[in-house]
Amino acid sequence: MKKNIEISPNIATLFGTRDENLRLLENGLNVTINLRAESVEIIGAAIDVGRAEQVFADYEHLLRNGHNFVNGDLGAMIRVLTSDSTATLRSLAEAGKQRSFGKRTVQPKSINQRRYLEAIEKHDMVFGIGPAGTGKTYLAVAMAISALLSKRVNRIVLARPAVEAGERLGFLPGTLQEKVDPYLRPLYDALYDMLEPDKVDRYLEKNIIEIAPIAFMRGRTLNDAFVILDEAQNTTSEQMKMFVTRLGFNSKAAITGDVTQIDLPNANRSGLVEAVDILGKVEGIHFCYFDEGDVVRHHLVQRIIRAYEDHKGRNEQLSLSLELKNGNGYATARSTDARVYTTSIETEVPLAQPLPSGASPPPSDRVSE
């Protein structure tokens, strides 16, 4: 099917730098877009051409109603609507206007980010799990500010475990707040990015916004609050259970973390990993998962995350092949006869084997002196 759309004033701003937005539409909707002197020609299947035509119509409508697209929001919306057949440019733009994020306009830049925002609106407790740079914490803080400014909650509580990333800083100088502030800096950054500095300082002074280590949460009941737990992969099982049971009336909780960056001494004790198994089927709790396609930092970050995931997959395959190399029917530390084994590349040798009852120990090879 071929469709010609007349170019209206200012519609050219839809095309993007070097027509990058048109390329997004072409790749996402499987159409070909050709620019003519006074029109745009769209070629493709009827349903795809119809969706592309709707994008042009929605953009023209939004411009007439005074909508401004800033900071790459238009490209982000196009990525979302090409991934979700139910989304339109108009609905995405108007959904963003309905939320008040202070001095910033925040738009989801991927389909998973959009589902994350919608889940926070619909559910009282949401887990956002995924790699670095996918906007888990930033979007959660944005939704918390939106709820505060629209008076749906009376305060925001931001918590984070005080765990170093692979190094020990020792004792830090200053008051208790000054000691824990370095661990909570990412949360401060998000707040100052969305609100005026004097407003943030005023909210912090009046405890309308409270930032604290998770260790300070025990015994509290948080009513009329939007509670965020960041870096949840570094909570212990006990800390996670303690946090998710703090929720009071008319409150929401967003819990974010990356299970590939656990800094606990024993990674198996991560409260986030355990919560996925325990709370996965609890009604009212929603889990959102992100991947490298949702990364909104430098384009290299996506490639770096993908490279680490590939490396981890190769190592797991190599480890499994080494365990099964001898074909003995068992893997390391998985014996069924109570014997303890150690594993090497060539052989698996029993470290200790109980003697049969009544048997004497083997003769010693030592020469008596």
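Remember, it's a predicted structure, so these values are computed and weren't measured experimentally.

## A closer look at the sheet that holds strand β2 (residues 32–35)
The three strands are arranged β1-β3-β2 in an open sheet whose pairing can be described as antiparallel. Of all the strands in the sheet, the pair left with one neighbour each is β1 (2–6) and β2. For this sheet, the mean inter-axis angle between neighbouring strands, taken without regard to orientation, is 20°. Relative to strand β3 (residues 39–43), β2 is paired through four bridges, and the arrangement is antiparallel. Pairing of T32 across the sheet is with I43, part of β3. On top of the sheet, helix α2 (residues 46–64) reaches β1 and β3; it is set at about 155° to β3, its chief contact.

## Brief notes about the pairing of strand β4 (residues 125–129)
For β4, a buried count of five out of five residues is recorded, marking the element as mostly surrounded by other parts of the structure. Residues M125, F127 and I129 line one face of β4 and the alternating positions V126 and G128 line the opposite face, and both faces are buried. With five bridges joining them, β4 and strand β8 (residues 252–257) adopt parallel strand pairing. Residue pairing across strands places M125 opposite A253, the latter belonging to β8. Pairing of β4 with strand β9 (residues 285–289), which is carried by five bridges, proceeds in the parallel orientation. Across the sheet, residue M125 finds its bridge partner in β9, namely I285.

## Remarks on the sheet that holds strand β6 (residues 209–213)
Across the sheet, six strands lie side by side as β6-β5-β7-β8-β4-β9; this open sheet has parallel pairing. This sheet does not close on itself; its edge strands, each paired only once, are β6 and β9. Here the strands of the sheet are splayed against their neighbours by 15° on average, with no regard to which way each runs. Bridging between strand β5 (residues 155–160) and β6 involves five bridges; their strand directions are parallel. Directly across from L158, in β6, lies its bridge partner I211. Of the strands in this sheet, β4, β5, β6, β7 (225–229) and β8 touch helix α6 (residues 136–149), which is tilted by about 170° from β7.

## Section: a negative patch on the surface
On the surface, E196, D198, D201 and E205 cluster together into a patch of negative charge. With respect to the helices and strands, the residue E205 is situated in helix α8 (residues 197–205).

## A few points about the packing of helix α5 (residues 111–122) against α6
Between α5 and α6, whose axes approach to 11 Å, the crossing angle comes to 40°. On the basis of the axis angle, α5 is oblique to α6. The chirality of how α5 crosses α6 is right-handed. Where α5 approaches α6, its residues Q113, Y116, L117, I120 and E121 are matched on the opposing element by K136, L139, A140 and M143. Looking at the contact of α5 with α6 residue by residue, the classes come out as six nonpolar, one polar and two charged.

## Points about the packing of helix α1 (residues 20–29) against helix α3 (residues 73–83)
At a minimum axis separation of 9 Å, α1 and α3 run at an interaxial angle of 5°. Judged on the interaxial angle alone, α3 and α1 are roughly parallel. For the pair α1 and α3, the contacting residues are N21, L24, L25, G28 and L29 in the first and L74, G75, I78, R79 and T82 in the second. Grouping the constituent residues of the contact of α1 with α3 by class yields five nonpolar, four polar and one charged.

## Some remarks on the pattern of salt bridges
Inspection of every chain in the model, using the stated rule, returns eleven salt bridges. Residue E41 is joined to K2 by a salt bridge in which the shortest nitrogen-to-oxygen separation is 3.8 Å. Here the residue E41 occupies a position in strand β3, and K2 occupies one in strand β1, the gap between them amounting to 39 residues. Since its relative accessible area comes to 8%, E41 is described here as buried. In this structure, E41 and R36 form a salt bridge, with 2.8 Å as the shortest nitrogen-oxygen distance. Given a relative accessible area of 44%, R36 falls into the partly exposed group. It is possible to trace a salt-bridge network through shared partners that takes in K2, R36 and E41.

## Here's the deal with unusual backbone geometry
The phi dihedral of N207 is positive, around 60°, even though this residue is not glycine. As for its placement among the helices and strands, N207 is situated in the loop between α8 and β6. Phi angles above zero are rare outside glycine, and D224 is one such case at about 50°. By the element assignment, D224 lies in the loop between β6 and β7.

Thresholds applied
Residues numbered from 1 in each chain as written. Predicted model: local features only at pLDDT ≥ 70, side-chain atom pairs only at ≥ 80, totals over all residues. Heavy atoms only, no water. Pairing = 2+ DSSP bridges. Helix = DSSP H or I, 4+ residues; strand = E, 2+ residues; numbered from the N terminus. Axes fitted to C-alpha atoms, helices over the stretch in contact; angles between N-to-C directions. Contact = heavy atoms within 4.5 Å. Buried < 20%, exposed > 50% of the residue type's maximum accessible area, 1.4 Å probe, protein only. Patch = residues over 30% accessible without salt bridge, like charges linked within 9 Å, V, L, I, M, F, W, Y side chains within 5 Å. Areas by Shrake-Rupley, 256 points an atom, 1.4 Å probe, with all protein chains shown as cover. Salt bridge = Lys/Arg side-chain N within 4 Å of Asp/Glu carboxyl O. Lys, Arg positive; Asp, Glu negative; His and termini not counted. Charge placed at Lys NZ, Arg CZ, Asp CG, Glu CD. Parallel < 35°, antiparallel > 145°, perpendicular 65-115°, else oblique. Left-handed = near helix turned anticlockwise from the far one by under 90°. Nonpolar A, V, L, I, M, F, W, Y, C, P; charged D, E, K, R; others polar.

On their own, these measurements won't tell you what the molecule is for.
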